[in-house]
Amino acid sequence: MKRFLKTLLIFIIPLGIVTLGFEVYLRTMNTEYKQKITGLTANYSDIEILALGNSHAYNGVDPRQFDLETYNMAAGNQSLYFDKRITLKHIDSLKKLKYVFISVDQHSLYFSSQGIRDTWLYYDYDIKYKDKTEFWNDISHFWLGYTPRIAVSIVKDKVLDQFKEKQSHSETVIKGFMPHYGSAANAFTAKNIERKANFFNGEVKDSNEREENLADLEDFIVQLKKRDITPILFTLPMYNDIYGHLLKEYVDQNNEDIQYLKQKYSIQHFDFSNEGEDQSLFYNSDHLNGKGAEVFSKKMNTELKKLL
Amino acid sequence: MLFNSLEFLIFLPVVFILYWYVFNKKLKSQNLLILLASYVFYGWWDWRFLSLIIFSSILDFLIGVSLSKTEEVSKRKLLLTTSILVNIGFLGFFKYYNFFLESFSDAFTFFGATISAERLNIILPVGISFYTFQTLSYTIDVYKKKLEPTKDFIAFFAFVSFFPQLVAGPIERATNLLPQFYTSRKFEYAKAVDGLRQILWGLFKKIVIADNAAKFANIIFNSSAEYSGSTLALGAVFFAFQIYGDFSGYSDIAIGTSRLFGFNLMQNFAFPYFSRDIAEFWRRWHISLSTWFRDYLYIPLGGSRGGTWMKVKNTFIIFLVSGFWHGANWTFIVWGGLNALYFLPLMLLNKNRTHTNVVAENRMFASIKEVFQILLTFTLTTIAWVFFRAENIGHAFAYLAEIFSPSLFEMPRFFPLTVIFFMILFVIIEWLQRDKQHALEFKNTKMPRLVRFALYYILIAVIFLFGGQQQEFIYFQF
């Protein structure tokens, strides 16, 4: 038995070292999430507007275009579940906060987990996963947040990124905002547009979370209003051609839900979903590029000024 | 609990350490630990269904004791019948109730009558088909006086619920496994190390081969109407690798795990895709089930002792029942029937035991004839798998009709090079080791430890980097 355990130990030690190495690297790498949360805490005393949402908002709301001090806390695939919890976690420190922009897209009410991205929000933002037990939260990026395959590919990409000459987006976040440069190749072919629409259709069709997410969003709105903070819903445009492929039933349902929220809580909805005709403003069929972000952030600022 | 889960990665070392370091003083306490660990392992999935295993264990234990106390034939028969009826009754209720209900309802409708019957929302307890057969082997063997009934209820309960093979086999005979619970088990270095190797190979089969093949098999089978014959043929091959990697992978992990605890389970798969005819395939595929049916169904029915008609009838019965054992759907019955049709000519021509040795024994390469035989057998088997995987019989026929159409010669829609590369590598490794119990068996090898370790590290890296999305083991549903 001793010989067996000794051999096993000799065999396992290199595996353990490699695993530990990955874990340390994944925990300490300077992610967008780390940059965003550092920026948020450093600007606690200045922020007047907080923008939330998924990548549409992350790449589409440029804080520099607002008259009031704005910070973008949206992130790739960030759900309303996390929007709410991130805000409430920091709300008491945000002394000047007056407005919270909540992004509501076609699929926003239909998902709460971000899949593997939940890990970053747990480790970097300290927001618990929705459906996992505490024990599993605390273990590891390497084993739980990602399959090892994804963890390895993140490390590999990070390493390879050092040698890339051209980037598709800014490497540093600007007040939480990360603009895309230009447009992605082949992003506007009919096939790719349809594929993207199918992604959204699949997301809404396979979901049974709408009612729960809607209730959670209502609670979020109530909590903001209690603190005299004005919640504002907003929808950035996607490229026009995509809308024809979206399932009408769900588009209508989404409009109904937004109308319901607007009326019940007397809140504004800045809706730009009909303004996606100019392809040069888009990075791909559903994300604005830096130029588009500038245009629509200015429009949001104009709309906001009307309320002041 | 799944073998390829983090829970099991923690569970196994904990039980292993307790077994050899804390409970190693007394055989009874070791058996008790196995019993408790097995119940935790099973209860992790759904603790409510533990009651079924416990009930079956109590019943068969008591029936065994009662059989030892009576020589009266009618009483012995009654006891055996009770065991069979109750065990098969549970299996029938949980697995086949809705199937029979719908089939009768359809039959009445076909003849113009209607019956109102309500489907029940029944959850199929994991592994019920496996442990039911295992515990039945005990009462039948005790009835036939091939086995002394046990008075050690802990040993018996541990035998019925032995966690490595509880939910997906191998289906052990009481004559092989139960006596291993009576004798003290000594830790053997070589056995434990080989067990770990077998576990590693099982994980590779499951995670790299089966789970990756499953991804494409699922896409192709789920939307088969959209694809060409060539894509569907590829889908069927992917499924053939999926089911083999999945099920034999589970068996390897089960056998390897048992060896860590000093137990020997029977070999369940002996490189079946290298078979030269269907008879050989069935001697190499799911051996524990095939031999179970042979010993407890085929032979009691008269086997091949009678005339031609008896042979044909018994062959069909055993294959149809085997198909039905796999699931409550006509597709499985057709799958069984098709295999009977494949098998029958060999049996009638008395050629069903032509290939009892390992293919290309003592040679590196197979002859052209052997290659042709292997490919033909694989093709026939894969055609039968289409029925096994299809949603219903209509789906299977439509699938096969498209394969055997001119679109077979179009370029397939999918050709995942990485997955195909690993499938080819897998076949090569299995071919090189085809005379062993499993593909990572290195008995009396002169390979230096460093090289062996490097090989294991590469396998682990491949499992981590190229493993498919975690899927439940297919045979859990049976």
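Basis of the calculations
Numbering of residues starts from 1 in every chain and runs along the sequence as written. Lettering for chains starts from A, numbering for ligands starts from 1, and both go in the order in which the items are written. Note on the predicted model: pLDDT of at least 70 is required for a residue's local features to be given, and 80 or more for side-chain atom pairs to be given and counted; whole-chain, interface and lining totals, by contrast, use all residues. Strands are runs of DSSP state E lasting at least two residues, helices are runs of H or I lasting at least four, and both sets are numbered from the N terminus onward. Between the two quantities, the radius of gyration covers C-alpha atoms and the globule rule is 2.2 Å times the number of residues to the power 0.38. Exposure is read from a count of other C-beta atoms within 10 Å of each residue's own; the residue is exposed at 12 or fewer, buried at 20 or more and partly exposed in between. C-beta atoms are placed from the backbone. Note that contacts rest on C-beta atoms placed from the backbone: two residues are in contact if these are within 7 Å. Strands are treated as partners if at least two bridges between them are detected by DSSP. Lines fitted to C-alpha atoms define the axes here, with helix axes fitted over just the stretch in contact, and angles between the N-to-C directions of these axes take values from 0 to 180 degrees. The pLDDT score gives, residue by residue, the confidence of the prediction method on a 0 to 100 scale. Here the expected length of a helix is defined as 1.5 Å per residue gap, with one fewer gap than residues. The angle separating two fitted axes, one through the seven residues that finish at a residue and one through the seven that start at it, defines the bend at that residue. In these notes, a nonpolar core means any group of buried Ala, Val, Leu, Ile, Met, Phe, Trp, Tyr and Cys residues linked to one another through C-beta atoms within 7 Å. Working definition: roughly parallel below 35 degrees, roughly antiparallel above 145 degrees, roughly perpendicular at 65 to 115 degrees, and oblique for all remaining angles. Note on convention: the crossing is left-handed when the near helix lies turned anticlockwise from the far helix by less than a right angle, right-handed when the turn is clockwise. Note that Gly is not counted as nonpolar here; it falls among the polar residues with everything else outside the nonpolar set of Ala, Val, Leu, Ile, Met, Phe, Trp, Tyr, Cys and Pro and the charged set of Asp, Glu, Lys and Arg. Convention used here: a crossover is right-handed provided that the path from the first strand, over the helix, to the second strand proceeds clockwise when the strands point away from the viewer.

Caption draft 1: Spotlight on the overall build of chain B. Each helix and strand counted, chain B has 17 helices and zero strands in total. For 478 residues, the compact-globule estimate of 2.2 N^0.38 gives 23 Å, and chain B sits close to it at 23 Å. Considered along the principal axes of its C-alpha atoms, chain B spans approximately 70 × 65 × 45 Å. The buried share of chain B, taken over its 478 residues, is 42%. Contacts in chain B between residues at least 24 apart in sequence constitute 75% of all its contacts with a sequence separation of at least 6.

Caption draft 2: Geometry of the overall build of chain A. A tally of helices and strands in chain A yields twelve helices and seven strands. By the burial criterion, 36% of the 308 residues in chain A qualify as buried.

Caption draft 3: How the structure looks around the sheet that holds strand β3 (residues 99-103) of chain A. All names here are of chain A. In space, the five strands of this open sheet follow the order β2-β1-β3-β4-β5, with parallel pairing throughout. The sheet is open, and its two edges are formed by β2 (70-72) and β5 (268-271), each paired on a single side. Geometrically, the sheet is characterised by an average inter-axis angle of 20° between neighbouring strands, direction not taken into account. Relative to strand β4 (residues 230-235), β3 is paired through five bridges, and the arrangement is parallel. In the sheet register, I102 faces β4, and the bridge partner there is L233.

Caption draft 4: The arrangement of unusual backbone geometry in detail. All names here are of chain B. Positive phi outside glycine occurs at H286, with the angle close to 40°. Topologically, H286 is positioned in the loop between α10 (278-284) and α11 (287-298). Accessibility expressed as a C-beta count within 10 Å gives 22 for H286, which makes it buried. With phi around 50°, A360 is a residue other than glycine that occupies positive phi space. If you trace the backbone, A360 turns up in the loop between α13 (330-348) and α14 (368-389).

Caption draft 5: Layout of the interface of chain B and chain A. Across the boundary between the two partners, chain B contributes eleven residues, which contact nine residues of chain A. Looking at the side of chain B that touches chain A, the elements that each hand over two or more residues are α1 (6-22), α8 (189-222) and α17 (449-466) of chain B. Ranked by residues supplied to the side of chain B that touches chain A, first place goes to α17(B) with four residues.

Caption draft 6: Quick look at the confidence of the model for chain B. Residues and elements named next belong to chain B. Taken residue by residue, chain B gives an average pLDDT of 91. The fraction at 70 or more is 97%. Here helix α4 (residues 73-110) stands out as the element of chain B with the lowest mean pLDDT, 86, in contrast to α14, whose mean of 97 is the highest. Our summary of model confidence lists the complex with pTM equal to 0.79 and ipTM equal to 0.79.

Caption draft 7: Summary view of α4(B). Residues and elements named next belong to chain B. The end-to-end C-alpha distance of α4, which contains 38 residues, comes to just 44 Å, noticeably less than the 56 Å that a straight helix rising 1.5 Å per residue would cover. Maximal helix bending in α4 amounts to about 65°, located at Y96. As for α4, its buried residues are in contact with α3 (50-69) and α5 (128-143). After α4 finishes, the residue G112 shows a positive phi value of roughly 90°.

Caption draft 8: Structural context of the confidence of the model for chain A. In the predicted model, chain A carries a mean pLDDT of 87, and 88% of its residues have values of at least 70. Highest mean pLDDT in chain A belongs to β2(A) (97); lowest belongs to helix α6 (residues 134-137) of chain A (62).

Caption draft 9: Expanded view of the nonpolar core. Counting residues in hydrophobic clusters, the biggest one holds 116 residues, and the most contacted among them are F159(B), A213(B) and F387(B). Within the second largest apolar cluster, 58 residues are counted, among which are F82(A), F111(A), L236(A) and A293(A).

Caption draft 10: A look at helix α9 (residues 229-260) of chain B. Residue and element names in this part refer to chain B. Helix length check: α9, at 32 residues, gives a terminal C-alpha distance of 46 Å against a target of 46 Å (1.5 Å per residue), a fit within 8%. With respect to burial, α9 is a largely interior element, 31 of its 32 residues being buried. Just beyond α9, the residue with positive phi is G262, at close to 85°.

Caption draft 11: Expanded view of the pairing of strand β1 (residues 49-52) of chain A. All names here are of chain A. Alternating residues of β1 divide into I49 and A51 and L50 and L52, and every residue in both groups is buried. Pairing analysis gives three bridges linking β1 to β2, with the strands arranged parallel. When the sheet's bridge partners are listed, I49 is paired in β2 with T70.

Caption draft 12: Seen up close, the packing of helix α4 (residues 80-90) of chain A against helix α10 (residues 210-226) of chain A. Residue and element names in this part refer to chain A. At their nearest, the axes of α4 and α10 sit 10 Å apart, and the two run at 25° to each other. Taken as axis vectors, α4 and α10 run roughly parallel relative to one another. Note that α4 runs across α10; the crossing there is left-handed. Contacts between α4 and α10 involve L80, Y81, K84 and L88 from the first element and N213, D216, L217, F220 and Q223 from the second. For the contact of α4 with α10, the class distribution of residues is five nonpolar, two polar and two charged.

Caption draft 13: Broad picture of the pairing of β4(A). Residue and element names in this part refer to chain A. Where β4 lies against β5, four bridges are found, and the strand directions are parallel. Among the inter-strand pairings, I232 is bridged to a residue of β5, identified as Q268. For the handedness criterion, the β-α-β arrangement of β4, helix α11 (residues 248-265) and β5 is classed as right-handed.

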